[in-house]
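Now for the letters of each chain:
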Amino acid sequence: MSDAPRAATPIQIERIGHAIVARVQLKFLEDKDLKQLSQMIDQSAGDSGVSVVVLDLARVMILPSLALGMLVQISTKCKARQQVFRLAALSPQLRDILRITRLDRVLEVVDSVENAVQ
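Worth saying up front: this structure is predicted, and the values here are computed from it rather than measured. (Residues numbered from 1 in each chain as written. Predicted model: local features only at pLDDT ≥ 70, side-chain atom pairs only at ≥ 80, totals over all residues. Heavy atoms only, no water.)

Visitor: Requested: an account of the pattern of salt bridges, with residues and values cited.
Guide: Considering all chains together, one arrives at 8 salt bridges under this definition. For the salt bridge of Arg23 with Asp56, the shortest nitrogen-to-oxygen distance reads 2.9 Å. Of the two residues, Arg23 sits in strand β2 (residues 19–24) while Asp56 sits in strand β3 (residues 52–56), which places them 33 residues apart along the sequence. Taking the relative accessible area as the measure of exposure, Asp56 reaches 9% and is therefore buried. (Salt bridge = Lys/Arg side-chain N within 4 Å of Asp/Glu carboxyl O. Helix = DSSP H or I, 4+ residues; strand = E, 2+ residues; numbered from the N terminus. Buried < 20%, exposed > 50% of the residue type's maximum accessible area, 1.4 Å probe, protein only.)

Rendered as structure tokens:
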């Protein structure tokens, strides 16, 4: 665990039209952050007007294996709600992790939040 100060709200949810965007303000997602992220997305995406769920990972540098599993779970929940789930603004390192684990075949990756929302 890092001694660096953490943002007061490390995860923020924003509604943009028919989409919700979850912005993660952390470099490393810990277990409690993953649980909070999943709960926040479930609460926000439950709205009937939401058709796209975007996870903005621009600031995230490290994804532990637990996080990879959580992304698959979130994707599965979104599909059950007939919503599109997209990962946006991944660093080259995170893209490599998804490619190596072959999760790039399961999870949709988009260059920017703006493209993901459309």
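Further notes follow.
Visitor: Quick rundown of the environment of Lys27? Include the residues and the values.
Guide: The residue Lys27 is located in the loop between β2 and α1 (31–45) in this model. In this structure Lys27 comes out as exposed when scored by relative accessible area, which is 61%. For the pair formed by Lys27 and Leu103, sequence separation is 76 residues and the distance between their alpha carbons is 20 Å. Ignoring any residue separated from it by four or fewer positions in sequence, one finds Lys27 in contact with Arg59, Val60, Met61 and Ile62. (Contact = heavy atoms within 4.5 Å.)

Visitor: Please set out the pairing of strand β4 (residues 84–88) residue by residue, giving values where relevant.
Guide: Counting buried positions along β4 gives 4 out of 5 residues, so the element sits mostly inside the fold. In the sheet, β3 pairs with β4 via 5 bridges, with the strands oriented parallel. Residue pairing across strands places Leu55 opposite Leu87, the latter belonging to β4. On the question of chirality, the crossover connecting β3 to the parallel β4 by way of helix α2 (residues 65–80) is right-handed. Across 3 bridges, the pairing between β4 and strand β5 (residues 108–110) is parallel. Of the residues in β5, the one forming a bridge with Ala88 is Val110. For the crossover from β4 across helix α3 (residues 92–100) to β5, the handedness is right-handed. (Pairing = 2+ DSSP bridges. Right-handed = clockwise from strand over helix to strand, strands pointing away.)

Visitor: An account of the pairing of strand β1 (residues 11–16) is requested, with residue identities and associated values reported.
Guide: Each regular strand carries side chains that alternate between the two faces of the sheet. As paired elements, β1 and β2 share 6 bridges and run antiparallel to each other. Each residue of the ladder has a partner; that of Ile16, found in β2, is Ala19. Between the antiparallel neighbours β1 and β2 lie 2 residues, among them Gly17 with a positive phi of about 60°.

Visitor: Before we move on, can you summarise the nonpolar core with the specific residues and values?
Guide: Counting residues in hydrophobic clusters, the biggest one holds 30 residues, and the most contacted among them are Leu55, Phe85 and Leu87. Of all elements in the fold, only β2, α1, β3, α2, β4 and α3 reach the threshold of two or more residues within this core. Top element by residues in this core is α2. It accounts for 6 residues. Formed by 9 residues, the second largest nonpolar core is a distinct cluster that contains Ala19, Val21, Val54 and Ala88. (Core = buried A, V, L, I, M, F, W, Y, C linked by side-chain atoms within 4.5 Å.)

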